[in-house]
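# Descriptive structure summary
Chain residues, written in single-letter form:
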Amino acid sequence: MAVNKKILITGGAGFIGSHLVRRFVNNYSNYHIYNLDVLNYAGNLENLKDIEHKDHYTFLRGDITNEVYINSIFNAYKFDAVIHLAAESHVDRSIKNPLGFAKTNILGTMVLLNAFVSLWKNDWKGKRFYQISTDEVYGSLGASGLFKETTPYNPNSPYSASKASSDHFVRAFGETYGMPYVISNCSNNYGPNQFPEKLIPLFINNIINKKPLPVYGDGNYTRDWLYVKDHAMAIDLVFHRGKNHETYNIGGFNEYKNIDLVKLLCKQMDKKLGRDFGTSEKLITYVKDRPGHDLRYAIDASKINNELGWAPSLTFEAGLSKTIDWYLDNKAWLENVTSGDHMNYYTNQYADI
Ligand code: NAD
Ligand code: DAU
């Protein structure tokens with residue numbers, strides 16, 4: 001099929017980005033998909049081996065903060081749309097390196113916005129900038145309530161503050177320059193290919209290796225979990241059918257306290273590894289809390305559900321089971337990404353256990 005749209009996906013070698021790139025390359029042969037990624041520790045082209053040979057897919061290695069490079073690729077390829085995922089994404093790293101997060105997440109987003117606006121100026125027909133954001137920009141909930149699209153931004157970590165700031169710039173470019181944009185704010189993703197610094201893959205890896213499971217604080221923090229392929233499906237819908245200048249909240253309707261999630265994970269893994277029930281739970285170790293730890297996130301996803309007909313396809317138990325199976329079947333991937341630099345991060349972050 002002839003290509004009728006050129007789409008730039010940033011951060012496409014990372015966790016969510018790789019699932020999105022695969023979905024778009026496999027489903028839309030009328031699009032040329034350009035995947036721009038600097039390949040930091042979380043970016044991994046192994047995630048895209050199955051589609052890298054396709055004619056309507058191109059990988060571009062580059063840094064979104066490099067203005068000269070970004071302007072050059074926008075001028076060369078004339079992207080009709082941008083789906084922007086590239087970011088520093090781990091809260092704990094943002095506590096140690098807030099400036100690095102400001103640079104990538106705020107400045108990098110602005111460089112992309114500038115390049116997009118310079119390219120199309122007043123010729124916006126069929127163009128769109130899609131900002132992939134997070135529920136963390138809304139701050140923390142108490143015991144009740146849900147984040148709605150109208151909830152005021154109130155970020156608490158350097159990561160969420162940098163994401164909030166970049167969202168504001170996207171809106172500002174929409175208002176000031178007439179750039180068509182859409183933003184979605186999603187809850188915690190889990191699934192295959194997630195870098196094992198985040199809760200679920202870190203704990204899967206530690207259970208495999210019989211290492212302590214470092215639960216921050218009392219473990220009574222709550223997150224709303226969504227299987228990554230369901231997020232990619234939602235992004236596809238918002239990209240194609242979402243309204244310009246609107247925000248869509250995406251969530252799993254699936255709240256779990258960390259400690260309950262960890263116990264479920266232990267139970268499923270004991271079964272899959274043929275270990276006695278209760279073996280993995282003994283690895284749970286309560287450690288010093290994360291500074292500024294948000295108590296609870298929960299998304300009201302009724303807007304995307306009502307307007308675009310989106311709903312998660314998997315229960316959490318089923319998604320978690322598939323996720324564990326993927327990590328058990330891909331031990332080489334896991335060993336590859338946990339060797340080298342990751343070990344330095346790990347020993348520094350978890351020095352007390
Ligand atoms: P990730 O860390 O797995 O992937 C980020 C990707 O961006 C990596 O491939 C990395 O190499 C690339 N990248 C980083 N800095 C770059 C730069 N300067 N130039 C070019 N590429 C760069 O992150 P993820 O979990 O896949 O998250 C992707 C996006 O989705 C982020 O914007 C994040 O804020 C957002 N998000 C994540 C979640 C979640 O639960 N993981 C939830 C909601 C929103
Ligand atoms: O809500 C969406 C966000 O979810 C995304 O925007 C972020 O990119 C993504 O990293 C994620 O942020 P969290 O901070 O919620 O995810 P993380 O996996 O780091 O932690 C989940 C919960 O588990 C959180 O309450 C902290 C806790 N935790 C985490 C780690 C890594 C622990 O108790 N121990 C740990 O070792």
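Anything mentioned here points back to the structure above.
From a predicted model like this one, the values you see are computed outputs, not experimental measurements. By convention here, each chain's residues receive numbers from 1 onward along its written sequence. A letter from A marks each chain and a number from 1 marks each ligand, given out in the order of writing. Whole-chain, interface and lining totals are the exception, using all residues; otherwise, since this is a predicted model, local features are given only for residues with pLDDT of at least 70 and side-chain atom pairs are given and counted only at 80 or more. Each side-chain value is worked out from all heavy atoms of the structure, with water and hydrogens disregarded.

### What to know about the overall build of the chain
To be explicit about the condition: Labels follow the DSSP assignment, with helices taken as runs of H or I lasting at least four residues and strands as runs of E lasting at least two, numbered in each case from the N terminus. For the radius of gyration, the atoms used are the C-alpha atoms, and the globule rule reads 2.2 Å times the number of residues raised to 0.38. Residue contacts are defined here by distance: any two heavy atoms, one from each residue, within 4.5 Å place the two residues in contact.
The helix and strand inventory of the chain stands at twelve helices and twelve strands. In summary, the chain has a C-alpha radius of gyration of 20 Å against a globular reference of 20 Å for 353 residues, a match within 12%. Judged by the C-alpha coordinates and their principal axes, the chain covers about 65 × 45 × 40 Å. In the chain, the share of contacts with a sequence separation of at least 24, taken over all contacts with a separation of at least 6, comes to 82%.

### Quick word on the site of ligand 2
Defined as follows: A molecule or strand has a residue near it when one of that residue's heavy atoms lies within 4 Å. Identification of polar contacts relies on pairs of N or O atoms within 3.5 Å, with a donor-acceptor requirement for protein atoms, meaning one able to donate a hydrogen and the other able to accept it, and with residues adjacent in sequence counted only if both atoms are side-chain atoms. Residue-level accessible areas treat just the shown protein chains as cover; the underlying method is Shrake-Rupley with a 1.4 Å probe. Amino acids are sorted into nonpolar (Ala, Val, Leu, Ile, Met, Phe, Trp, Tyr, Cys and Pro), charged (Asp, Glu, Lys and Arg) and polar (every other residue, Gly among them).
Surveying the vicinity of ligand 2 reveals 26 residues, the closest of which are Asp135, Glu136, Tyr159, Arg290 and Tyr350. Take tyrosine 159: an N or O atom from its side chain is 2.6 Å from an oxygen atom of ligand 2. Burial of ligand 2 by the protein chains amounts to 95% of its free accessible area of 690 Å². Secondary-structure elements contributing two or more residues to the shell around ligand 2 are α3 (91–96), α6 (199–208) and β8 (213–216). Here the residues of the shell around ligand 2 sort into twelve nonpolar, seven polar and seven charged.

### As for the pattern of salt bridges
Inclusion rule: Definition used for salt bridges: Asp or Glu carboxyl oxygen within 4 Å of a side-chain nitrogen of Lys or Arg. Here's how the labels work: a residue is buried when its accessible area is under 20% of the maximum for its type, exposed when over 50%, partly exposed in between, all with a 1.4 Å probe on protein chains only.
This model, assessed by the stated rule, comprises ten salt bridges. The residue aspartate 92 makes a salt bridge to arginine 290 at a minimum N-O spacing of 2.7 Å. Taken as a pair, aspartate 92 in helix α3 and arginine 290 in the loop between β12 (284–287) and α9 (302–308) lie far apart in primary sequence, 198 residues in all. The same class applies to aspartate 92 and to arginine 290, which are both buried. In this structure, lysine 148 and aspartate 300 form a salt bridge, with 2.9 Å as the shortest nitrogen-oxygen distance. Within this pair, whereas lysine 148 is found in the loop between β5 (128–134) and α5 (158–177), its partner aspartate 300 is found in the loop between β12 and α9, the two being separated by 152 residues in sequence.

### So, the sheet that holds strand β6 (residues 181–186)
The line we're drawing: By definition, two strands form a pair when at least two bridges between them are found by DSSP. Think of each axis as a best-fit line through the C-alpha atoms, taken over the contacting stretch in the case of a helix, with angles from 0 to 180 degrees between the N-to-C directions.
Pairing is parallel in the open sheet, where seven strands are placed in the order β3-β2-β1-β4-β5-β6-β10. Strand pairing shows two members of the sheet lacking a second neighbour, β3 (57–61) and β10 (246–250), which therefore form its edges. Each adjacent strand pair in this sheet contributes to an overall mean axis angle of 20°, direction not counted. Across the face of the sheet, α5 comes into contact with β5, β6 and β10 while running at roughly 155° to β5.

### Quick notes on the pairing of strand β9 (residues 222–227)
Within β9, six of the six residues are buried, leaving the element largely enclosed by the surrounding structure. Going residue by residue along β9, you find Thr222, Asp224 and Leu226 tucked away on one face and Arg223, Trp225 and Tyr227 tucked away on the opposite face as well. For strand β7 (residues 188–190) and β9, the ladder comprises three bridges, and the chain directions are parallel. Looking at β9, one finds that asparagine 188 is bridged to tryptophan 225. Two strands pair when backbone bridges link them, and β9 and strand β11 (residues 255–257) are joined in this way by three bridges, in the antiparallel orientation. From the neighbouring strand, aspartate 224 faces β11, where its bridge partner is glutamate 255.

### So, the site of ligand 1
In the neighbourhood of ligand 1, 29 residues make up the surrounding shell, with Ile16, Asp37, Ser89, Tyr159 and Lys163 lying closest. Taking asparagine 40, its main chain carries an N or O atom lying 3.0 Å from an oxygen atom of ligand 1. Within the complex, the protein chains bury 95% of what would otherwise be the 830 Å² of accessible surface of ligand 1. Residue classes in the shell around ligand 1 are distributed as 13 nonpolar, twelve polar and four charged.

### Things to note about the sheet that holds β9
Spatially, the three strands line up as an open sheet ordered β7-β9-β11, and their pairing is mixed. Of all strands in the sheet, those with a lone pairing partner are β7 and β11, marking the two edges. When strand polarity is set aside, the average angle formed by the axes of neighbouring strands in this sheet is 50°.

### Side note on unusual backbone geometry
Of note, the phi angle at lysine 78 is positive, near 50°, even though the residue is not glycine. Note that lysine 78 resides in the loop between α2 (67–77) and β4 (81–84). One non-glycine residue, phenylalanine 253, lies in positive phi territory at about 50°. Locating phenylalanine 253 in the fold gives a position in the loop between β10 and β11.

### Quick look at the packing of α6 against helix α8 (residues 258–273)
So the rule is basically this: Every angle not falling under 35 degrees, over 145, or within 65 to 115 is termed oblique; those three ranges are roughly parallel, roughly antiparallel and roughly perpendicular. The sense of a crossing depends on the near helix, which, turned anticlockwise from the far helix by less than a right angle, makes the crossing left-handed and, turned clockwise, makes it right-handed.
Where α6 contacts α8, the axes come no closer than 11 Å and their chain directions differ by 40°. Considered as vectors, α6 and α8 are oriented oblique to each other. Remark: the crossing between α6 and α8 carries right-handed chirality. When α6 is examined against α8, the residues Leu199, Ile200, Phe203, Ile204, Ile207 and Ile208 are found in contact with a partner set consisting of Asn258, Leu261, Val262, Leu265, Cys266, Met269 and Leu273.

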